[in-house]
Amino acid sequence: MSGPLVFDLQVLPDLPNIGTVDGNYMAAGASFILEHNHQAALQDPFVLDDGGDGSAGIIRRVAIDDNVRRFRRDLNKATEAGAEAIGLLTVMHVLGRRVVNRTPTETGADFLIEPIAPDSTVEFERVEFGGIGDSGESTLARVNRKVRQMLRYPDEPPGHAVVTNFTTMPIEVAMRRVS
Amino acid sequence: MSNRWFETLEARTASETAFQAELAENDDDAGKAKELYRRAAVAYTRLALAVTADHPQTRSALGVAAVACHARAGDFGVALDVARRLLAQSGALSQRGRTDLLRMVGNYTELIDAERKRTLPATRPANHARDDVRANFVLKVVA
């Protein structure tokens, strides 16, 4: 690892195939749930468990926008959106992936992603994100549960599961490859 | 490898529209959500049916998205039609795609049947009247 990872939530709206509304929504969700669980701050440390050596870094928050009314009403939505934000930044920075498409509700995945490398032959990969906003479930238990869900279909292309635990300090992020 | 079906403006618009529909649902604006889901569904359907059979993962992902959006728009009949159309060419789907579509067909058929039963009159007075007449007639003959 060349140095600590920096997950800047501000970049999300500018990433390809995400869209401004979606990017701002996810970034605000992450910032909201971080503030809810901890305190007002500009950034938070995190540790990444990737099943190997792991790494660490910081999450840079954004100012919470109009989406705040949605999140105040439903903390689960903030956790879900925040997990997508941190999850996307993880697969982008750590795995070198980019978004192909956000899949609609009830389709069994959160996003389709692909390797940025031009010589890749992967059609796309599925990625599922999970967030822990207030429950006592451990990060490892949740990511293992996600992996088991994704293993139901043996002919699937490789996938990834990323879980963010917003209740811990440092924030815990766990990522596993499913193939 | 970039995926040519997902690299279209239509795919990006469908994804963004479906996401906006989710936000409208969260805001309890059911009318707006349905309209947005309907637009996303039309785009996803067109894309899914255009994917060639040698890309079953892409066809499945777009097809499941299309059917899910039709259903969330409340158009369960259309959702069933699209699902059955995709399943008719089952070799062009992934195992997961087939499983998901079959599950959706089962769920939506149940919903449509339940709605049909709910909206049909539970009893038919004319039949009752006829049955009463027959019952009386038979009883009288036997007596």
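None of these values were measured; they are calculated from a predicted model.

Quick notes on the interface of chain A and chain B
Alright, step 1. Listed as interface residues are 26 residues of chain A and, on the opposing side, 26 residues of chain B.
Alright, step 2. Of all the elements in the fold, those that place two or more residues in the side of chain A that touches chain B are helix H1 (20-37), strand S4 (97-102) and strand S5 (111-115) of chain A.
Alright, step 3. Class assignment for the residues of the side of chain A that touches chain B results in eight nonpolar, nine polar and nine charged.

Side note on helix H3 (residues 56-72) of chain B
Alright, step 1. The end-to-end C-alpha distance of H3(B) is 24 Å, a good match for the 24 Å that 17 residues give at a rise of 1.5 Å each.
Alright, step 2. The positive-phi residue at the C-terminal boundary of H3(B) is B:Gly74, with phi of around 90°.

Looking at the pairing of strand S8 (residues 171-178) of chain A
Residues and elements named next belong to chain A.
Alright, step 1. Relative to S8, strand S2 (residues 43-49) is paired through four bridges, and the arrangement is parallel. Across the sheet, residue Val-47 finds its bridge partner in S8, namely Glu-172.
Alright, step 2. Across seven bridges, the pairing between strand S7 (residues 159-165) and S8 is antiparallel. Residue Val-163 lies in a different strand from S8, and its bridge partner there is Ala-174.
Alright, step 3. Linking two consecutive strands that pair antiparallel, namely S7 and S8, is a turn of five residues.

A look at the sheet that holds S5(A)
Residues and elements named next belong to chain A.
Alright, step 1. Pairing is mixed in the open sheet, where eight strands are placed in the order S1-S3-S2-S8-S7-S6-S5-S4. Strands with a single pairing partner mark the edges of an open sheet, and in this sheet they are strand S1 (5-8) and S4. Taking each pair of neighbouring strands and ignoring which way they run, the sheet shows an average axis angle of 30°.
Alright, step 2. Relative to strand S3 (residues 55-60), S2 runs antiparallel, the two being bridged by six bridges. Each residue of the ladder has a partner; that of Pro-45, found in S3, is Ile-58.
Alright, step 3. Across the sheet, helix H4 (residues 139-150) lies against strand S6 (125-132), S7 and S8, angled at about 155° from S7, the strand it touches most.

Here's the deal with the nonpolar core
Alright, step 1. With 83 residues, the main nonpolar core has A:Ala85, B:Ala40, B:Tyr44, B:Val67 and B:Cys69 as its most contacted residues.
Alright, step 2. Contact partners of B:Cys69, with chain neighbours within four places excluded, come to A:Pro104, B:Ala18, B:Tyr37, B:Ala40, B:Ala41 and B:Tyr44.

Reading the values: the criteria
- Residues numbered from 1 in each chain as written.
- Chains lettered and ligands numbered in written order.
- Predicted model: local features only at pLDDT ≥ 70, side-chain atom pairs only at ≥ 80, totals over all residues.
- Contact = placed C-beta atoms within 7 Å.
- Helix = DSSP H or I, 4+ residues; strand = E, 2+ residues; numbered from the N terminus.
- Nonpolar A, V, L, I, M, F, W, Y, C, P; charged D, E, K, R; others polar.
- Expected span 1.5 Å × (residues − 1).
- Pairing = 2+ DSSP bridges.
- Axes fitted to C-alpha atoms, helices over the stretch in contact; angles between N-to-C directions.
- Core = buried A, V, L, I, M, F, W, Y, C linked by C-beta atoms within 7 Å.
- Buried ≥ 20, exposed ≤ 12 C-beta atoms within 10 Å, placed from the backbone.

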